[in-house]
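Summary of the model geometry
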Amino acid sequence: MVVGVILLAIGLVLAFMGIGAEHHAAGAEGAHHAAGAGASAEHHGSPIWLKRLIISLWHSNVYFTGIAVVGTVFVAINYVAYAGWSIVVKRIAEAFSAWLLPGAIIMLVVFGVGLINHDIFHWTMPGIMDPKSENYDAVIAGKSGFLNLPFYVIRMVVYLAIWWFFSERLRKLSLEEDQMGGTGFWDKSINVSALFLVLFAVTSSMAAWDWVMSIDTHWFSTMFGWYVFASWWVSGIAAITLCAIFLKQAGYLPFLTSNHLHDLGKLMFGFSIFWTYVWFSQFMLIWYANLPEESVYFNQRLGGFDGKYTWLFFFNLIINFAFPFLVLMTRDAKRQMIMLKLATIAILIGHWLDFYLMIMPGTLKGDSGFIIEIGVALIFLGAWLTLMTRRLSQASLLPVNHPFVDESIHHTT
Amino acid sequence: MQHVSPVRIPLVTNGKTYHDVTQDVCRQVEAKPNIRWMAALAVALFFLGIFFYSVYRTLWYGIGEWGLNKTVGWAWDITNFVWWVGIGHAGTLISAVLLLFRQKWRSSINRAAEAMTIFAVICAAMFPVLHMGRPWLAFWVLPLQNTYGSLWANFNSPLLWDVFAISTYFSVSLVFWYTGLVPDFATIRDRATGPIARRAYAVLSMGWKGGAKHWSRYETVSLILAGVSTPLVLSVHTIVSMDFATSVVPGWHTTIFPPYFVAGAIFSGFAMVLTLMLITRVVFKLEDYITLEHIALMNKIMMITGSIVGVAYITEFFIAWYSQVEFEQYAFINRATGPYWWAYASMMTCNVISPQLVWIRRVRYSIPATFILSIIVNIGMWFERFVIIVTSLHRDYLPSSWAMFSPSWIDIGIYVGTLGLFFTLFLLFAKFFPVINMAEVKTILKYGVDNGPTYGGPNTGAQQSTYRSTGVPASAPVNYDKHD
């Protein structure tokens, strides 16, 4: 059973890596030429192709690490809510956290590489906090209590360590439950989950400020932490659904029925609307008040850099709101694999683009492109899937001794 | 067939039968009003009298009767308005959102919570209408053409959005509540002995016969209304928050406001539901329907929403510093350390720290502790609105116009008066309407009960070895039956 999954995944990985690598080379070359021809006048730091590479590594890693941790969040929420229906997809969500450790390492490494030429974070520029330097920026200097290298790195390590530790802990408890049975592991998992969710509530917001918001160093929005969480969360649910469908179609999840898909579809539908709600609240309030220090963020994305990001700004709403909203509207659609596939793939691509739109204008200004970025994303996808499917193969796809396993198998909506 | 895990516990305790449910709920409606109810109603009517007196003073002498001044032109009234609207959130949340999340325990509390919602929204509506000064012109907020010229409702104003949001919310909540009441009214009608009761409940039950078609329509309408109310619940406090957040007042203009206000509203709403339910279950002897488990679950929701609000407080404070905008920074420093520090400290203690006691199992299963906690949260949420509203206004950009707000007796009278209005309505509801949804409780009566139809036997931890996956061929067609 397992071998098939792994072979499938490795096949996918090879294909993706091949395509990714090819595109990547082509893209890099293209970008290099463009830079060589002097197309972009004002950039500083690394050559554009390298800068694009570093930033797309950061972008894709933030996205995939977020989805990985959402797997654990999903499991934890289902524990504390005593949810019974979701047990048949629990192992899929658990497997997502296989990416957390490599993701954490990549995060640290890319951050370090980004420091060399200060490509990702403007606030890391030397002298920016020093009144005597010509780089001095009073607003950024005011933030130095939070945005300084040691504290930033410590925070990053702490967030990732917490996420990784609790993911492993929950996974271990679940595997032991498979072996030994009884409700003791379940009881313990509820406590572990509750503690994790409390810590995650704080760390996810702070991670969003650190990893994404501080790119646009001057800009601030209190909603931002929840905005990033909403994006990760809906992508995570879409990823769980998509994996469940692939596994079902390959014959590995005999107990997964259209009832479970229906519920996953409802969550995707609901949380796509939730994301839009958060998006709209943030946008509308900034647009309405029109304070320059806030609205600059949307100025850059709506018409800034010769309108480079304008289409993406609107496309973001279409693919992440209108499309899943319309596709998943009816009951039948939420129970049809083909409709769910369409919606999940749109959501996954859409939220990758959402992060693209959050990260690129502040770092690459008008110099971002798509070929390198998509290539990097596909390499990440391949690696992510390899680790995820490997973990998936390491345990029974059904947590056989979970107290709610019968409820989930007989679930009807 | 649905399966219920043995780890789940019954929602209704003490082996009640279908007949017991009818008896236990109808008893209060059919019996003569008891002395405790009369005493409570008398107190509520006294406060309602205070309300009418304060309203009379406000309307006859004008808004000058209130404690507002030219710097703090919006304080007590809007605080109370937001507080009441917030309380009005839990009812529809319980009926709609918990229905969508299949939380079956909601059946015992949804009726009373929905009633509370409706009465709380009525109380809330008093404040903007009274603040108009000339409430007989309240229809001007509706987008009606008027005969005085080009005056027209300002669609750019979040206050106008409030009118739409809250009136829609009120109408839908009322319909939802009433739809649920119809089958129960029919039950009471069929049992009624007195001629007035029989006629009155006959009218109220709208000719309900309990036929299969009736039930089918009832369920369809409930589901549609649940779907409609869910976005409505979120929209109401979102738009209330926009009354502040669309401005450029430091401390008000912050993007987290919409979801943070919604969480705060659910928080205060659940606190009020707990306050009311803890009294109702004892007075009406409904301990088997509103069990300790219900109380613990409501406590948990209160703690979660309280913590979300706590995260939002910290986020606001942090981002105010992080923004490096002088005015934002001052607004928050002033909140915490300025002349209203005590309001801020009360808010933080009541809303963020005290709900954390719920982590202790003994607290969340304790009736006295829960009752005290629910009152503390109600107070804390009032202070939250007061802090947000008054501290952001009282120190203007010009230090020469700095001022403090102190409520007048009329302000206080209107506020405690709305409490009188609220409890009058709630007591009348509790006496004449069934406080628990009998029809829905009957559907969950056997849930998880030992030897009930869904009981799976005790969990030995060693069962289920039959569920190893059997390895369906990769090309096996996947069946999805639309009708299951």
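This structure is a prediction, so every number in the text was calculated from the model and none was measured.

Cut-offs applied
Residues numbered from 1 in each chain as written. Chains lettered and ligands numbered in written order. Predicted model: local features only at pLDDT ≥ 70, side-chain atom pairs only at ≥ 80, totals over all residues. Heavy atoms only, no water. Helix = DSSP H or I, 4+ residues; strand = E, 2+ residues; numbered from the N terminus. Buried < 20%, exposed > 50% of the residue type's maximum accessible area, 1.4 Å probe, protein only. Contact = heavy atoms within 4.5 Å. Areas by Shrake-Rupley, 256 points an atom, 1.4 Å probe, with all protein chains shown as cover. Phe/Tyr/Trp six-rings, centres within 6.5 Å; stacked < 30°, edge-to-face > 60°. Lys NZ or Arg CZ within 6 Å of the ring centre and 35° of its normal. Axes fitted to C-alpha atoms, helices over the stretch in contact; angles between N-to-C directions. Parallel < 35°, antiparallel > 145°, perpendicular 65-115°, else oblique. Left-handed = near helix turned anticlockwise from the far one by under 90°. Nonpolar A, V, L, I, M, F, W, Y, C, P; charged D, E, K, R; others polar. Buried area = accessible area lost by both parts, 1.4 Å probe. Salt bridge = Lys/Arg side-chain N within 4 Å of Asp/Glu carboxyl O. Polar contact = N/O pair within 3.5 Å; in protein donor to acceptor, adjacent residues only side chain to side chain. pLDDT = per-residue confidence, 0-100. Core = buried A, V, L, I, M, F, W, Y, C linked by side-chain atoms within 4.5 Å.

Time to look at the overall build of chain A. Along the backbone of chain A there are 16 helices and zero strands. Within chain A, buried positions represent 59% of all 413 residues. Counting only contacts in chain A whose residues sit at least 6 apart along the sequence, the fraction spanning at least 24 positions is 80%. Total accessible area on chain A is roughly 14500 Å²; 72% of this is exposed by carbon and sulfur atoms.

Take the side chain of Thr241(A) next. All names here are of chain A. Mapped onto the secondary structure, Thr241 falls in helix α8 (residues 224-249). Classification of Thr241 by relative accessible area gives buried; the value is 0%. Those residues in contact with Thr241, other than ones at most four positions away along the chain, are Leu264, Met268, Leu340 and Thr344.

Residue and element names in this part refer to chain A. The backbone phi angle of Asn290 is positive, close to 55°, even though this residue is not glycine. Within the element layout of this structure, Asn290 appears in the loop between α9 (258-289) and α10 (292-301). In this structure, Lys365 takes a positive phi of about 50° despite not being glycine. By secondary structure assignment, the location of Lys365 is in the loop between α14 (337-363) and α15 (371-393).

The next subject is the packing of aromatic side chains. Per the counting criterion, the structure on display carries 100 aromatic pairs over all chains. Look at Trp76(B) and Tyr415(B): their rings are 6.1 Å apart centre to centre, the planes differ by 90°, and that puts the pair in the edge-to-face class. Here Trp76(B), found in helix α3 (residues 76-87), pairs with Tyr415(B), found in helix α15 (residues 409-432); they are 339 residues apart in sequence, far enough to count as distant. For the residue pair Trp76(B) and Tyr415(B), the accessibility class agrees, reading buried in each case. For the cation-ring pair, Lys143(A) lies above Tyr322(B), with the distance from its terminal atom to the ring centre recorded as 3.9 Å. Lying across the ring of Phe269(A), Lys334(A) places its NZ or CZ 4.8 Å from the centre.

All names here are of chain A. Between α8 and α9, the least distance of the axes is 9 Å, while the angle of their chain directions is 160°. Viewed along their axes, α8 and α9 adopt a mutual orientation that is roughly antiparallel. With respect to the hand of their crossing, α8 and α9 are arranged in left-handed fashion. Seen from α8, the contacting residues are Phe224, Trp226, Tyr227, Ala230, Ser231, Trp233, Val234, Ile237, Ala238, Ile240, Thr241 and Ile245; seen from α9, they are Leu261, Leu264, Leu267, Met268, Phe271, Ser272, Phe274, Trp275, Val278, Trp279 and Gln282. Residues of the contact of α8 with α9, tallied by class, amount to 19 nonpolar, four polar and no charged.

Take the interface of chain B and chain A next. Counting residues at the interface gives 59 residues for chain B and 70 residues for chain A. Both sides of the chain B and chain A interface together cover about 5400 Å² of buried area, and 62% of this is carbon and sulfur. For the pair chain B and chain A, the interface holds one salt bridge. The salt bridge involving Asp263(A) is made with Arg102(B); its shortest N-O contact spans 2.6 Å. On inspection of chain B and its partner chain A, the count reaches 12 residue pairs in polar contact (both at pLDDT 80 or more). For the side of chain B that touches chain A, the secondary-structure elements that each account for two or more residues are α6 (158-191), α8 (212-245), α9 (257-283) and α10 (292-322) of chain B. The biggest single contributor to the side of chain B that touches chain A is α10(B), with 10 residues. Residue classes in the side of chain B that touches chain A are distributed as 30 nonpolar, 21 polar and eight charged.

The next point concerns the confidence of the model for chain B. All names here are of chain B. Across chain B, the average pLDDT comes to 85, with 91% of residues at or above 70. In this model, residues 451-484 is a region of pLDDT below 50 whose contacts with residues beyond four sequence positions or in other chains number 59 contacts. Interface confidence for the predicted complex, given as ipTM, is 0.88, next to a pTM of 0.89.

This part is about the nonpolar core. Trp58(A), Trp163(A) and Trp211(A) are the most contacted members of the largest nonpolar core, which has 261 residues in total. Residue contributions to this core peak at 18 residues, all from α8(A).

Here we come to the side chain of Ser393(A). Summarising the element assignment, Ser393(A) is placed in helix α15. Classification of Ser393(A) as buried rests on a relative accessible area of 17%.

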